[in-house]
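Close look at the chain arrangement
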Amino acid sequence: MMKRILLLSLVIVAAVSTSCNNSATNKNPVRQELFGNHKGKEVYLLTLTNKEGNVIRLTNFGARITWIEVPDKDGKKDNITFGFDEFESMINGDRYFGAVVGRYANRIAKGKFTLDGVEYSLPINNGVNSLHGGPGGWHSSVWETEVVKKAEEPTVVFTLKSPDMEEGYPGNMNIKVTYTWTDKNEIVLDYECTTDKKTVLNITNHAYFNLHGAGNGDILDHVLTIQSSAFTPVDSNLIPTGESLPVAGTPFDFSTPHTVGERIMDEFQQLKLGGGYDHNFILDNASEVDATLYDPSTGRYMEVITDQPGIQFYSGNFLKGTLIGYGGKPYNYRSGLCLETQHFPDSPNHPEFPTTVLNPGETMKSTTIYRFSVK
Ligand code: GLA
């Protein structure tokens, strides 16, 4: 009897402490807590728990994904994306880990483009080019946060108003990014953007993945597929030359599974120029799933599904081990990779590429899904 009362009271204590914590449960699948303050605005950490009991974390600083905790083939859970334990490290750490990147993901040559005869100049922050929307791009903004209470699955909406000429780009823009963490272990990213002046736009998410678990070795043994028959080769400044090069017979052919490391050291000029893979793959858009990533040792499997015309596959070539991530583990050279669904780099200077122009009255809508499972 005594034991039963004790047990019962333990259950009650557990229930009370859970609700005090505002812990993410299925009844309350999104927990929002203060993480810090940046430029006078509150930065939150949002913990989303789906019905499988799997957890992702987001923050409104850069509308980022900071944590993706999914099981391996033995059911052992681990976080497989890059981020930091402390708020300060996140603010001062890598600019793009998990962030929504805009207004223009990737590079614009020499930071210049012309629209209707007007030349626009952007901040130069990457060699001679402008990268990822400039130093004050969307990755560094504190977004408005809304937890969608009535959603079927954990859902968070981040919104941002980007004023006319911010980082050199024309038009007042409204940006809305909706994250849904589904019960099938999918991160669904819905983007919506409008402008009041003709402008250019290329939005992506810059999450780094390591399916062993973030900070656990490199990604060279990850098996990758990309449903792409051609890629856009680059010059020595990582700017597309304008050509589309067939991948067949090259280290860029991931239309059948290959490990990332298998050909990365090949004597192939584009690999030398990129320091590894850092290229836009033109998607065939012929199948539902556009890219897959598999780690044979843990069995973790990721599928990427997008309506965007390209994927920038970046093999973490600029990581140097200087950034210390979760649990004190450094982010070493090629210890994470990105599959950034997007338009082609430098499109405003390449009329032959799909257009990135957005006009007033139009709404740019796009969806990318990262789906996690085991094989
Ligand atoms: C993108 C670029 C890379 C690099 C990373 C950020 O993937 O293509 O060259 O700039 O972002 O480090």
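Before reading further, recall that the structure is shown in the block above.
Computed from a predicted model, the values in this text were never measured in an experiment. Going along each chain's sequence as written, the residues are numbered from 1 onward. Local features in this predicted model are restricted to residues whose pLDDT is 70 or higher, and side-chain atom pairs enter the listing and the counts only when it is 80 or higher, whereas totals over whole chains, interfaces and linings include all residues. Water and hydrogen atoms play no part in the side-chain values, which are based on all heavy atoms of the structure.

Summing up its helical and strand segments, the protein has three helices and 27 strands in all. The C-alpha radius of gyration computed for the protein amounts to 21 Å, which stays within 12% of the reference 21 Å derived for 375 residues, consistent with globular compactness. When the backbone C-alpha atoms are referred to their principal axes, the protein occupies close to 80 × 45 × 40 Å. Type-normalised accessible area, obtained with a 1.4 Å probe on protein chains alone, sets the label of each residue: buried when under 20%, exposed when over 50%, and partly exposed for intermediate values. Residue burial in the protein is summarised as follows: out of 375 residues, 56% are buried. Partitioning the contacts of the protein with sequence separation of at least 6, the portion at a separation of at least 24 is 65%. The charge count treats Lys and Arg as positive and Asp and Glu as negative. His and the chain ends do not count. Each charge is placed at NZ for Lys, CZ for Arg, CG for Asp and CD for Glu. The average position of the 33 basic charges and that of the 44 acidic charges among the side chains of the protein differ by 7 Å. Secondary structure elements follow DSSP: runs of H or I no shorter than four residues count as helices, runs of E no shorter than two count as strands, and numbering proceeds from the N terminus. A radius of gyration in this sense is built from C-alpha atoms; the matching globule rule multiplies 2.2 Å by the number of residues raised to 0.38. The contact rule is simple, with two residues in contact once any of their heavy atoms fall within 4.5 Å.

Looking now at the site of the ligand. Residues are labelled near a given molecule or strand when at least one of their non-hydrogen atoms is within 4 Å of it. Around the ligand, the surrounding shell consists of Y96, N106, R107, L131, H132, H206, Y208, D278, Q312, Y314, F318 and E340. Definition of a polar contact: a pair of N or O atoms within 3.5 Å, with one able to donate and the other able to accept a hydrogen when the atoms are protein atoms, and with sequence-neighbouring residues admitted only if both atoms are side-chain atoms. Take H132: an N or O atom from its side chain is 2.8 Å from an oxygen atom of the ligand. Within the side chain of D278, a nitrogen or oxygen atom sits 2.4 Å from an oxygen atom of the ligand. With residues, only the protein chains shown are counted as cover, and all accessible areas are computed by Shrake-Rupley using a 1.4 Å probe. Isolated, the ligand exposes 300 Å² of accessible area, and the fraction of that covered by the protein chains is 94%. Residue composition of the shell around the ligand, by class: five nonpolar, four polar and three charged. Any residue that is not Ala, Val, Leu, Ile, Met, Phe, Trp, Tyr, Cys, Pro, Asp, Glu, Lys or Arg is counted as polar, Gly included; the first ten are nonpolar and the last four charged.

Another aspect to go through is unusual backbone geometry. With an omega dihedral of 5°, the bond running from G102 to R103 counts as a cis peptide bond. Structurally, R103 can be placed in the loop between β6 (100–101) and β7 (107–108). Positive phi is not limited to glycine here, since M165 has a value of about 70°. With respect to the helices, strands and loops of the structure, M165 is situated in the loop between β12 (155–162) and β13 (173–181).

Paired strands are those between which DSSP finds at least two bridges. An order of β1-β2-β3-β4-β5 is seen for the five strands of this open sheet, with the pairing classed as antiparallel. Either end of the sheet is taken by a strand with one partner, and the two such strands are β1 (30–38) and β5 (77–79). For this sheet, the mean angle separating the axes of adjacent strands, direction not counted, is 15°. Summarising the sheet, β1 and strand β2 (residues 41–49) pair through eight bridges and their orientation is antiparallel. Bridge pairing links N37 to E42 in β2. Orientation is described by lines fitted to C-alpha atoms, with helices fitted over the stretch in contact, and by angles between N-to-C directions that extend from 0 to 180 degrees.

Moving on: the side chain of N317. Residue placement: N317 occurs in the loop between β24 (310–314) and β25 (338–342). Overall, N317 belongs to the buried group, its relative accessible area being 10%. At a separation of 3.0 Å, a polar atom in the side chain of N317 contacts the main-chain carbonyl oxygen of Y277. In this structure the side chain of N317 is engaged in a polar contact, spanning 2.7 Å, whose partner is the side chain of S315. Non-local contacts of N317, meaning those with residues more than four positions away in its chain, are made with G274, G275, G276, Y277, D278, Y333 and R334.

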